[in-house]
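# Observations on the three-dimensional arrangement
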Amino acid sequence: MQVWDPDRYAAHARFVSDLGAPVIELLEPQPGERVLDLGCGDGALTEKLVDAGCRVVAVDSSPEQVRAARGRGPAARVADAPALGFDGEVDPDLMKAVLHWIRDPDAALAAIHRALAPGGRLVAEFGGHGCVASIRAAFGEVLAGRDIDAEILNPWYFPTAEEYRARLDANGFDVDSIRLFPRPTPLPSDLTDWLETFAQPYLAAVPKRDRRAILNQMRERLEPVLRTPDGDWFADYVRLRFAAARRD
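The sections below set out a description of the structure shown in this document. The shown structure was predicted, so the numbers you read here are calculated from the model rather than taken from an experiment.

Let us now look at the nonpolar core. Ile 135, Phe 139, Trp 194, Leu 195 and Met 218 are the most contacted members of the largest nonpolar core, which totals 32 residues. Every element with two or more residues in this core is listed here: α7 (133–144), α9 (191–198), α10 (200–203) and α11 (208–226). In contact with Met 218, not counting residues within four places along its chain, are Ile 135, Ala 138, Phe 139, Val 142, Leu 191 and Leu 195. Among the nonpolar cores identified, the runner-up in size contains 31 residues, and Ala 79, Phe 86, Leu 99 and Phe 173 belong to it.

This is the structure:
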């Protein structure tokens, strides 16, 4: 199970919101629009929407992150994407780095379609096909040594652009743009901090006493691949960014 600690997130994952500016630019939020920020995290990007004059409803599945978002001021609530409970109430919908955590993408898109007003826009960026491939492969090798199948622990859904375009179309959206692109992402601290922040379902498969050994093995395997000659770590991210509109 993935649990979000706002303090750990702020220390080791701030790049998620820092790199979210292109998604807001693609959304082109207008003053007075009611925006649903789905997967708001600790509300860092939500603040930018509020500053743009939008009426923002922030939603996240993590109670801890919702409390952190509320501390920044915006209205925020706890909800899972497939069970939003909105009905034609929002104009545009913004999402970043959340759709790859949802293992039932069609249920999520159906709920988003219901939430949007006719003609409402859906703009998102999340992990796409090939995202953190080196990290996933290393987990496969390290956990196989303990007779654990890492694939069944994989918490992420990383589709191709073609696959996700088809899902959007099937769930009532017209796609304006969609593209898959590599974005190697510098990490603010050691790779093990990233693993403890984002890869908890893999680590939870071993007893707590063994997790440090797993982290060390992962670090050793990935250092030649994900560490620069200057000693800085990065993650081999691939992003899928799209803009679509609810089909009336």
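So, on to the packing of helix α6 (residues 105–115) against helix α8 (residues 161–170). The geometry of α6 relative to α8 is characterised by a closest axis approach of 9 Å and an angle of 45 degrees between their N-to-C directions. By the angle between their directions, the pair α6 and α8 is classed as oblique. As α6 packs across α8, the resulting crossing turns out to be right-handed. The segment α6 lies against α8, with Pro 105, Asp 106 and Leu 109 engaging Tyr 164, Arg 167 and Leu 168. For the contact of α6 with α8, a count of residues per class yields four nonpolar, no polar and two charged.

Next up on the list: the side chain of Asp 236. With respect to the helices and strands, the residue Asp 236 is situated in the loop between β8 (234–235) and β9 (238–246). Buried charge without a partner: Asp 236 forms no salt bridge, and the closest opposite charge is Arg 136, 7.2 Å away. Apart from the residues within four sequence positions on either side, Asp 236 is in contact with Gly 130, Cys 131, Val 132, Ala 133, Ser 134, Ile 135 and Leu 226.

Moving on to the packing of aromatic side chains. Scanning all chains against the criterion turns up 11 aromatic pairs. With 5.1 Å between their ring centres and 65 degrees between their planes, Phe 126 and Tyr 164 make a pair best called edge-to-face. Here Tyr 164 lies in helix α8 and Phe 126 lies in strand β5 (residues 116–127), a separation of 38 residues in the sequence. Of the two residues, Phe 126 and Tyr 164, both sit in the buried class. Where Trp 194 meets Phe 198, the ring centres are 5.1 Å apart and the plane angle is 40 degrees; that geometry is what we call tilted. In this pair, Trp 194 and Phe 198 both sit in helix α9, four residues apart, roughly one turn of the helix. The same class applies to Trp 194 and to Phe 198, which are both buried. Feature note: the residues Trp 101, Phe 139, Trp 156, Phe 158, Trp 194, Phe 198, Tyr 202 and Tyr 237 constitute an aromatic cluster, connected by ring pairs. When the ring centre of Phe 181 is taken as origin, the NZ or CZ atom of Arg 179, which lies over that ring, is 4.2 Å away.

Rules used in this analysis
Residues numbered from 1 in each chain as written. Predicted model: local features only at pLDDT ≥ 70, side-chain atom pairs only at ≥ 80, totals over all residues. Heavy atoms only, no water. Core = buried A, V, L, I, M, F, W, Y, C linked by side-chain atoms within 4.5 Å. Buried < 20%, exposed > 50% of the residue type's maximum accessible area, 1.4 Å probe, protein only. Helix = DSSP H or I, 4+ residues; strand = E, 2+ residues; numbered from the N terminus. Contact = heavy atoms within 4.5 Å. Axes fitted to C-alpha atoms, helices over the stretch in contact; angles between N-to-C directions. Parallel < 35°, antiparallel > 145°, perpendicular 65-115°, else oblique. Left-handed = near helix turned anticlockwise from the far one by under 90°. Nonpolar A, V, L, I, M, F, W, Y, C, P; charged D, E, K, R; others polar. Lys, Arg positive; Asp, Glu negative; His and termini not counted. Salt bridge = Lys/Arg side-chain N within 4 Å of Asp/Glu carboxyl O. Phe/Tyr/Trp six-rings, centres within 6.5 Å; stacked < 30°, edge-to-face > 60°. Lys NZ or Arg CZ within 6 Å of the ring centre and 35° of its normal.

All we've got here are geometric facts, nothing functional implied.
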